[in-house]
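Below are the chains, spelled out letter by letter.
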Amino acid sequence: MAIPKDSSPDSTLALLREGYAFVPERCRRLRSDIFETRLMLTRAICISGHEAAAQFYRRDRFTRRGGIPLPTLTLIQDVGSVMTLDGDDHRRRKAMFMRIMGPGCLGDIAGLTAEHWRASVRAWEREDEVPLFDAAHVPLCGAICAWAGLPLPHEEVVRRAREFRDMVEGTGSVGLRNLRGHAQRFRTERWMRGVVEGIRSGATEVPEGSAAHVIAHHRDGEGELLPAKIAAVELINVLRPTVANARFAAYAAHALHLHPEWRERLRASDDDLEPFVQEVRRFYPFIPLIGGRVIAPFRWRDRDFAEGEWVLIDLYGTNRDERVWEEPESFRPERFRERAIGPFDMIPQGGGDHADTHRCPGEWLLIEQLKTIVRLLVREMTYEVPEQDLGIDLGRMPALPNDRMRIRAVRAVG
């Protein structure tokens, strides 16, 4: 059965121009949650919605190899990382991350995040104005590096935070932003290879069971240590995405400003803290879409998907699937008070089971950190939001508040 087709002979420029809206708008126009297009002169199938996510995140149905353009892959994961593995290799490497991210390992992240955020607030008090998006990278970087077993002096935290920020900022762009991200990636990877080699030689001591210790000593299916470059990549893949949560910190402040009634509720009680955090994750744009190549032919929507076909899943649109979410374009944290989240309902960091699919276990770190940050924003600091452009340009990938969520007159409380 034929599926709808995008009318353009090639939609690459349209994707770069429209960003997060590219797939949702065409799904609405074509009245279909699946359509065919061409990107970079290559045929692609775009899918959206929770039913599409259930197909895309089925174990061993898709590979990420060849599904993500190399200039993006080398900034968000890199060749040889867990994202590029399949089958037993993927499950074995994923087990390493599950060991790091297990409940017993998550306990310290909230305390470390609060400690580093409070220190940053003291510094922000001396500033006339603070772009929260940029500034939040520093406490998040300090917290995750310490959590991973690599505490850094403040000057190095600032430098590494900038490197991680520029990597993420380059992922959805071409040109200068992407080139800057790759230059920073080179610096970070060189540093991390030295860390891994130091841990293995005994020159660098890290706590047993920490992320740095586990990754440096992880062995593959043949019982061999990971190559130092790959171990460095995987350690970066713990740190960089967590520092990237600065985007969600800015979004949380954005939501608190536009919906001040939630500030009052959260100041008084933790009852709605997790619903608020989950709605920030659902409502705001994070990763627009991600691609894969079919490795096991299957049939869906009366269409046969052949081995090697390029398929793109719409993450942003799926999080606003009106078949799952009532009034999906409205910011309503109360929707999460009594609602269990299905494995494919909300997929800002992937869908399915964390252990078996490409769903990111760093999601748990994000939730803990964001709950901590929201508490701090409403209970331990005061600030003003000056006149600024609070719009979010969906054509910019990755998106963020247009004026980077500037705040001023920051003061610590208590």
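Residues numbered from 1 in each chain as written. Predicted model: local features only at pLDDT ≥ 70, side-chain atom pairs only at ≥ 80, totals over all residues. Heavy atoms only, no water.

So what exactly am I meant to see when it comes to the pairing of strand β10 (residues 406-412) here?
Each regular strand carries side chains that alternate between the two faces of the sheet. Alignment of strand β4 (residues 129-131) against β10, held across three bridges, turns out to be antiparallel. The partner of Pro-131 across the bridge, within β10, is Arg-406. Two elements, strand β9 (residues 381-384) and β10, share three bridges in a ladder whose sense is antiparallel. Each residue of the ladder has a partner; that of Met-381, found in β10, is Ala-412. (Pairing = 2+ DSSP bridges. Helix = DSSP H or I, 4+ residues; strand = E, 2+ residues; numbered from the N terminus.)

Quick question: what am I supposed to make of the sheet that holds strand β8 (residues 310-314) here?
The pairing of strands in a sheet happens through backbone hydrogen bonds and is either parallel or antiparallel. One open sheet accounts for five strands, arranged β1-β2-β8-β5-β3; its pairing is mixed. The open sheet has two edge strands with one neighbour each: β1 (34-39) and β3 (62-63). Of the pairings in the sheet, the one linking strand β2 (residues 42-48) to β8 comprises four bridges and is parallel in character. Bridge pairing links Ile-45 to Val-311 in β8. Packed onto the sheet, helix α2 (residues 22-30) meets β1, β2, β5 (289-294) and β8 and runs at close to 130° relative to β1. (Contact = heavy atoms within 4.5 Å. Axes fitted to C-alpha atoms, helices over the stretch in contact; angles between N-to-C directions.)

What is the right way to look at the sheet that holds β10 in this model?
Taken in spatial order, the three strands make up an open sheet running β4-β10-β9, and their pairing is antiparallel. Two strands bound the open sheet, and with one partner strand each, they are β4 and β9. For this sheet, the mean angle separating the axes of adjacent strands, direction not counted, is 50°. Strand contacts of helix α7 (residues 132-147): β4 and β10, with the helix running at about 75° to β4, the strand carrying the most contacts.

How do you make sense of the nonpolar core when you look at a structure like this?
The biggest cluster of nonpolar side chains holds 47 residues, and the ones touching the most others in it are Trp-117, Trp-124, Phe-276, Val-280, Leu-377 and Met-381. Looking at this core, the elements with two or more residues in it are α6 (103-124), α7, α12 (246-258), α13 (260-268), α14 (273-283), α16 (362-379), β9 and β10. For this core, the element with the highest residue contribution is α12, accounting for nine residues. Among residues more than four places away in sequence, those in contact with Trp-117 are Trp-124, Leu-132, Ala-136, Pro-139, Ala-249, Ile-373, Leu-376, Leu-377 and Met-381. In terms of nonpolar packing, the next biggest core, distinct from the first, is built from 43 residues, Leu-106, Cys-145, Val-157 and Trp-191 among them. (Core = buried A, V, L, I, M, F, W, Y, C linked by side-chain atoms within 4.5 Å. Buried < 20%, exposed > 50% of the residue type's maximum accessible area, 1.4 Å probe, protein only.)

Is there a simple way to explain the packing of α7 against α12 in this structure?
Two packed helices can be described by the angle between their axes and the distance between those axes. In contact at an axis separation of 8 Å, α7 and α12 are set at 130° when each is read in the N-to-C sense. Taken together, the axes of α7 and α12 are oblique relative to one another. Two packed elements cross with a definite hand, and for α7 against α12 that hand is right-handed. For the pair α7 and α12, contact is made by Leu-132, Phe-133, Ala-136, His-137 and Leu-140 and by Ala-246, Arg-247, Ala-249, Ala-250 and Ala-253, respectively. Looking at side-chain class alone, the contact of α7 with α12 contains eight nonpolar, one polar and one charged residues. (Parallel < 35°, antiparallel > 145°, perpendicular 65-115°, else oblique. Left-handed = near helix turned anticlockwise from the far one by under 90°. Nonpolar A, V, L, I, M, F, W, Y, C, P; charged D, E, K, R; others polar.)

How do you make sense of the packing of aromatic side chains when you look at a structure like this?
In this description, an aromatic ring pair is defined by two values, namely the gap between the centres and the angle between the planes. Within the structure shown, the criterion is met by 15 aromatic pairs. Both rings, one in Tyr-20 and one in Tyr-316, keep their centres 5.5 Å apart while their planes meet at 75°; by these two values the pair is edge-to-face. On the criterion of sequence distance, the pair formed by Tyr-20 in the loop between α1 (12-18) and α2 and Tyr-316 in helix α15 (residues 315-318) is long-range, its members being 296 residues apart. No difference in accessibility class separates Tyr-20 from Tyr-316, as the two residues are buried. Judged by centre distance (4.6 Å) and plane angle (35°), the rings of Phe-248 and Phe-286 are tilted. Taken as a pair, Phe-248 in helix α12 and Phe-286 in the loop between α14 and β5 lie far apart in primary sequence, 38 residues in all. Within the aromatic cluster, the residues linked to one another by ring pairs are Phe-248, Tyr-251, Trp-262, Phe-276, Phe-283, Tyr-284, Phe-286 and Phe-331. Its end group placed over the ring of Phe-298, Arg-61 keeps NZ or CZ at 4.1 Å from the ring centre. One cation-aromatic arrangement involves Arg-320 over Phe-283; the distance from NZ or CZ to the ring centre is 4.4 Å. (Phe/Tyr/Trp six-rings, centres within 6.5 Å; stacked < 30°, edge-to-face > 60°. Lys NZ or Arg CZ within 6 Å of the ring centre and 35° of its normal.)

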